[in-house]
Amino acid sequence: MAATQETVEQVQKLEMDKYKYGFVTDIETEKAPKGLSEDTVRFISAKKNEPEWMLEWRLKAYRLWLTMPEPKWGKLDLPEIDYQDSYYFSSPKSMEDRPQSLDEVDPELLRTYEKLGIPIKEQEVLAGVAVDYVFDSVSVATTFRKQLLDVGVIFCPISEAIQDYPELVKKYMGSVVPQGDNKHACLNSAVFTDGSFVYIPKGVRCPMELSTYFRINELNTGQFERTLIVADESSYVSYLEGCTAPQRDENQLHAAVVELIVMDDAEIKYSTVQNWYPGDEDGKGGIFNFVTKRGICKGKNSKISWTQVETGSAITWKYPSCILQGDNSVGEFYSVAITNGRQQADTGTKMIHLGKNTTSRIISKGISAGKSQNTYRGLVRVAAKADGARNFTQCDSLLVGQTCGAHTVPYIESKNRSARLEHEATTSKISDDQLFYCRQRGISEEDAVGLVVNGFCREVLQELPMEFAVEAQQLVKISLEGSVG
Amino acid sequence: MLEIKNLHAEVDGKSILKGIDLNINKGEVHAIMGPNGSGKSTLANVLAGRDDYDITEGSVSFDGKDISELEPEERAGEGIFLAFQYPVEIPGVTNTTFLKEALNAQRKYRGEEELGGMEFVKLIRSKTKELGIKDDMLKRAVNVGFSGGEKKRNDILQMAVLNPKLAVLDETDSGLDIDALKIVAEGVNKLRAENNAILVITHYQRLLNYIVPDKVHVLAHGKIQRTGGKELALELEEKGYAGYSGEAA
Amino acid sequence: MVTLSSDKEAFIAQYDQSKDHLPGSDIAWLAELRAKNIALFEEVGLPTGKTELWKFTNLNPLKKQAFSPPSLEETIFANSNELPRLLEEGSSHRLVFIDGHYSADLSDDKLPSGVSLQSLSSVISAGAIGLEASIVPRERQEEQPLVALNTALMSDGYVLNISKDVSVDRPIEILHFGGGKAEQSYHNRNVISVASGSKVTIIENVTDRNDNVYFSNSVTEVSVGENATLHHYRVQASNKAAFLVSSTEAVVNKGASYDSFLLNTGARLSRTETNVSLIAENSSCHLNGAYMGTDDQHCDITTRVDHKSPHTTCDEVIKGVLGGKARGVFQGKIIVHELAQKTVGNQSHRAMLLSERAEVDVKPELEIFADDVICSHGCTSGQIDKEQLFYLRSRGLSTDQAQALLVNAFLAEAVDAVQNEGLKDLLLVRISDWLEQNPN
């Protein structure tokens, strides 16, 4: 998609500070008592006015969570997490009675999103993008809902979907990421507070991009959102999520779960621009981003495409995955992960080939700078019955500076002889010759690094919806500021 | 315009240039010829300010300004352009993006207004037309998958767009067949003007058949050994560098 | 019938029973070392599926089998000509181990000057002088419980020293001839030390004389001195009931090179682990190999290369062919430490699956802490190219012939890395023979 490049030329450069999303919104909130217990789970469920089955589901997860060990296999230096030192529910007071229209939303919240560059006004946001705004534990607004419903597309906060579409939620929630999948997903199952729900009916091509913008604001508060997207037969949707948080000295926990279900001939394109606060240069503060994302290509000829640009968070632990169950289904994973300062990222994907003639493609670009550690971890598994499965994997790592680390840990398992698997990985440093060439043409060293790295990531960035590609390119550049010289 | 006085320089601690004096005025084309290892490419890199090329003695001034302490991008902003012996590949970055970034960075350095999208497109179109370069080259990543000739032509296109005061061509002829050489030379000649100067660094005389120099200098053992007119190049072609160098040229 | 097993407790019991008879039980440091290692083994236990380094290799079949320590009675062979050899007589110096024991009678008695070879048991009975420095605990010993088990139970092996600036004229062929008695386990410990400026080729021939089940758990410590070159080749063709576990740890000094090749066709379960530390500038290693598996064979090749110094180089090319229900495992880790700038590390693993039930599991890994490096790995897995197969058949070859030709060509490429021409020819013959016997 050459459009990406043209967009760069059309859209004016955004002036950004190093982390321009670091501000705090001063707003009156209502919180659950600090700490985690069955009471916390009951409190959240009651706040959301949930039916009994939902509470039971949560409690089951909570009890299971108590028994589960922390996943320790990532190449991460994980501090002990004190689960009792955090709030699990925080909502702006003004959200007590859910505003009936966008005009009723608290002006302070409106100002916050304006400052973040994504105003909650349908006429002002990028045309053709519907947005669900999640602020700490609640969805504060969702745009274009009516227009979407007119064509049968459901796009609403998951807390409302539990009330309004219980059958769909019951059927699919936990069907791709079971409660006990891992400790973080289990915690989410117990205490998730909001997130987005999307249902695209048969034969519908969603008329606009759907997007959720996650904002953590409150101190010592974790965010546990849950996203569920179901694409029925022959439907299509492109969904994008963005995330930011204030600059704080304390670490905050973000443990999300995303489940995608794709039926025959349908496709979900899921993009993430993750820019949680990464902590300062010395590694103080920042978000712990522990996310379980998984999709299932249930139907034949179905397709899931994950694209992620991960630049934020102190620690990133996420592996958006595809279970390729339907024959001829396709899974894709395009990833850019940039770490700088003391950031740590352990990210990658799993492609599980179960159906015949299933295809997967993995393109991962890792960039390490500063004193950071960046790991690609991936699994390609071909089951015995997956005749004709194909995988192509390319993992490239780029090192900027001498004090960072870049690691590649792929697992490749094939039980089928007709499967063709190819995996390539390279690691190298940013080339002095390239930098000199750029500088000789007048481009400053820092801009040259941005340019070369953006070029390195291009294969992935061009997979993003055009509206977000430009911002992602700026983000790539900004994330590396201070890494040279 | 360019004034080099008693220039000594070393690379990785090894002394290469041992007292170069050279003056180039506006509108002039100079050629520096010399055997392998004479320091030709070192001179080009020292002028462009490459890391690890250290000036140990002497001075380099450009338009009356001492440039020896300037960063490579600042020298580019001052108007020095280096056409590389081996142009570098930058995967994923299109020529258009690269040229725009470079041009606007230089304009910014000079305190000029940056060019907007439309103006830039107009400029670049006029240059590709002038040089007979196909527009699809602009959409390709910088030098990636280019043939040797294409890379050199791409450098000439950059030169045309950036419009430097002084262009230093570092063995631009190396690896080019005669047709590619002609095209490159033609491009360079189109850029010759009263206000700018060109320094051609080459081992062989043949490029000078197409880019006719005003002066020819022979560089050997880190020093300019002889200076003359274009006929000096022909003499070198005939007799070789035997008189200037202990090593086979 | 008593059901025996070789779980952790069985090995510990074996140690308890035999510790007073193991060689060097009267040497304090050695007895202490054994005790420490059995304690470590007891703590860590046998690797399980949860042990990351053993993720793909399950030792359960081993655990279901009981093994006793090797008996000391030697099988008598009339002369060494009855024993298999890889290289033609006269073109190598041969040393012979029967069921884990060194046999002086069957080994060539004359070694060139500058080459010293002793059995581990004789070194120990002579007071174990100089041995202490050669069997120091490894880094990450807690990750290698089978090395600890070997240290606790080692009874024989070889200690080979090549003096300074010696170019050994002919390869040294070491025959490990097992299977004499059923259900024995051998824990051999070997030390290879090549002094600076020397050159030597060592070829280990791991085979046996029947279908007896046995468990060989060998450990080899290698040091390659400055500017020395060691070609270390290994041909493993044990019977399909044997369990072969080996761990080689090589330390490579300045300007030195460790060059290894493994051809593996044997064993029910084999795990061949090679760890190389490139500790000084311009040291290099080549870890190449080819493996073939059929029936329910399991072949695991695990390598780890630590680049600890600048300007170090490693390359690895490994190819495997799997038929039947065989499973191939390749784990290859390249670690570039912070100081090791200008490192070049390249690795490739290619597997071909011939049957419907064959499986391959691969984990190539790069762990990089220095920026000025060029590292890569590439892995492919697939079946024979159908286009190529059809092309050959259209030229008159039968499917079997065409397949054999293509597989042969695929594997032959890996064998190209072997520097010894005699051995290279032999390996190619082994490959052809294997394909003939296993048309799949």
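For clarity, every value in this text was computed on a predicted model and none was experimentally measured.

Participant: Where do I start with unusual backbone geometry in this structure?
Facilitator: Both trends apply: most residues other than glycine have a negative phi, and most peptide bonds are in trans. In this model, N143 of chain B sits at a positive phi of 65°, which is unusual for a non-glycine residue. Within the secondary structure, N143 of chain B sits in the loop between β8 (141–142) and α6 (148–162). Of the residues examined, N143 of chain B reaches a relative accessible area of 0% and is grouped as buried. Not every positive phi belongs to a glycine, and E183 of chain C is a case in point at roughly 60°. Mapped onto the elements, E183 of chain C comes out in the loop between β5 (172–178) and β6 (184–186). Under the relative-accessibility criterion, E183 of chain C is labelled partly exposed at 36%.

Participant: Got a minute to help me understand the domain arrangement of chain A in this structure?
Facilitator: The parts lose accessible area when they come together, and the size of an interface is often stated as this lost area. All names here are of chain A. When the domains of chain A are assigned, the result is domain 1 (32–245 + 264–284) and domain 2 (319–485). Once you take the C-alpha centre of each, domain 1 and domain 2 turn out to be 26 Å apart. Roughly 1600 Å² of surface becomes buried between domain 1 and domain 2 when both sides are summed, with 66% attributable to carbon and sulfur atoms. Ranking the residues of domain 1 by area buried against domain 2 places W73, K75 and V273 at the top, with a combined share of 30%. In this assembly, domain 1 and domain 2 are joined by 1 salt bridge. The salt bridge involving K269 is made with E463; its shortest N-O contact spans 3.8 Å. Put simply, the parts of the chain that give the side of domain 1 that touches domain 2 at least two residues each are β9 (236–244) and β11 (267–274). Here the side of domain 1 that touches domain 2 takes 3 residues from β11, the largest share from any one element. Residues of the side of domain 1 that touches domain 2, tallied by class, amount to 8 nonpolar, 5 polar and 6 charged.

Participant: When you look at the pairing of strand β11 (residues 215–220) of chain B in this model, what are you seeing that I'm missing?
Facilitator: The side chains of a regular strand alternate, first on one face of the sheet and then on the other. Residues and elements named next belong to chain B. With 5 of 6 residues buried, β11 is to be regarded as a mostly interior element. With 4 bridges joining them, strand β3 (residues 29–33) and β11 adopt parallel strand pairing. Residue I32 lies in a different strand from β11, and its bridge partner there is H217. In this structure, the hairpin formed by β11 and strand β12 (residues 223–228) is closed by a connection of 2 residues, where H221 is found at a positive phi of approximately 50°.

Participant: I'm lost on the sheet that holds strand β10 (residues 197–202) of chain B in this one. Help?
Facilitator: Sheet strands pair by backbone hydrogen bonding; their relative direction is either parallel or antiparallel. All names here are of chain B. Strand order in this open sheet of 6 strands is β6-β9-β10-β3-β11-β12, and the pairing throughout is mixed. Each of the sheet's edge strands pairs with one partner strand only, and the pair in question is β6 (80–83) and β12. Across the sheet, the mean angle separating the axes of adjacent strands is 20° when strand polarity is ignored.

Participant: How should the arrangement of the chains be read in this particular structure?
Facilitator: The pair of protein chains exhibiting the most contacts, out of 2 pairs of chains in contact, is chains A and C. Separated without contact, chain B and chain C have their nearest C-alpha atoms at a distance of 16 Å.

Participant: Would you mind showing me how to read the pattern of salt bridges here?
Facilitator: Pairing between side chains of opposite charge can happen when their charged atoms approach one another. This structure, assessed with the given rule, holds 63 salt bridges over all chains. Taking the shortest distance from any N to any O, the salt bridge between K75 of chain A and E367 of chain C comes out at 3.2 Å. Of this pair, K75 of chain A sits in the loop between α3 (52–67) and β2 (90–92) while E367 of chain C sits in strand β19 (residues 359–368), each in a different chain. Using a relative accessible area of 28% as the deciding quantity, one classes K75 of chain A as partly exposed. E367 of chain C gets classed as buried once you look at its relative accessible area, which sits at 12%.

Participant: Help me understand the packing of helix α7 (residues 399–415) of chain C against helix α8 (residues 421–437) of chain C, please; the structure alone is not making it clear to me.
Facilitator: Packed helix pairs are characterised by how far apart their axes lie and by the angle those axes make with each other. Residue and element names in this part refer to chain C. Packing of α7 against α8 brings their axes to within 10 Å, and their N-to-C directions diverge by 150°. For the element pair α7 / α8, the angle class is roughly antiparallel. Judged by the sense of rotation from one axis to the other, the crossing of α7 with α8 is right-handed. Here A404, V407, N408, L411, A412 and V415 of α7 lie close against α8, whose contacting residues are K424, L427, L428, I431, S432 and L435.

Participant: For this particular structure, what's the right way to read the packing of aromatic side chains?
Facilitator: Think of a pair of aromatic rings as described by two things: how far the centres are apart, and how the planes are tilted against each other in angle. Residues and elements named next belong to chain A. Counted by the stated rule, this structure contains 23 aromatic pairs over all chains. Residues F43 and F89 carry aromatic rings whose centres are separated by 5.9 Å and whose planes lie at 70° to one another, so their mutual orientation is edge-to-face. On the criterion of sequence distance, the pair formed by F43 in helix α2 (residues 38–47) and F89 in the loop between α3 and β2 is long-range, its members being 46 residues apart. Residue classification places F43 among the partly exposed residues on the basis of a relative accessible area of 23%. By relative accessible area, which is 3% here, F89 ends up buried. Consider the rings of W65 and Y83, whose centres lie 4.9 Å apart with planes at 85°: the pair is edge-to-face.

Reading guide: rules and limits
The numbers attached to residues start from 1 for each chain and follow its sequence in the written order. Note on labels: chains are lettered from A, ligands numbered from 1, in written order. With the structure being a predicted model, the display of local features is reserved for residues of pLDDT at least 70 and the display and counting of side-chain atom pairs for 80 or more, all residues being used for whole-chain, interface and lining totals. Side-chain numbers here rest on the full set of heavy atoms in the structure, without hydrogens or water. What counts as a helix is a DSSP run of H or I of at least four residues, what counts as a strand is a run of E of at least two, and both are numbered from the N terminus. Accessibility here uses a 1.4 Å probe with only protein chains present; expressed as a share of the type maximum, an area under 20% marks a residue as buried, one over 50% as exposed, and anything in between as partly exposed. As annotated, the domain borders come from an automatic or database domain assignment. When two parts are brought into contact, each loses some accessible area as probed by a 1.4 Å sphere; the total of that loss over both is the buried area. Here, a salt bridge means any side-chain nitrogen of Lys or Arg that lies within 4 Å of a carboxyl oxygen of Asp or Glu. Here the nonpolar group is Ala, Val, Leu, Ile, Met, Phe, Trp, Tyr, Cys and Pro; Asp, Glu, Lys and Arg are the charged ones; every other residue, Gly included, is treated as polar. When DSSP locates at least two bridges between a pair of strands, those strands are taken to pair. Fitting a line to C-alpha atoms yields each axis, with helices limited to the stretch in contact; the angle taken between N-to-C directions then spans 0 to 180 degrees. Contacts between residues were defined by any pair of non-hydrogen atoms, one from each residue, lying within 4.5 Å. Should an angle fall under 35 degrees it is taken as roughly parallel, and over 145 as roughly antiparallel, whereas 65 to 115 is taken as roughly perpendicular and any remaining angle as oblique. The crossing is said to be left-handed when, going from far helix to near helix, the turn is anticlockwise and less than a right angle, and right-handed when the turn is clockwise. Any pair of Phe, Tyr and Trp rings, taking the six-membered ring for Trp, is counted once the centres come within 6.5 Å. Such a pair is stacked with planes under 30 degrees apart, edge-to-face with planes over 60 apart, and tilted for the rest.

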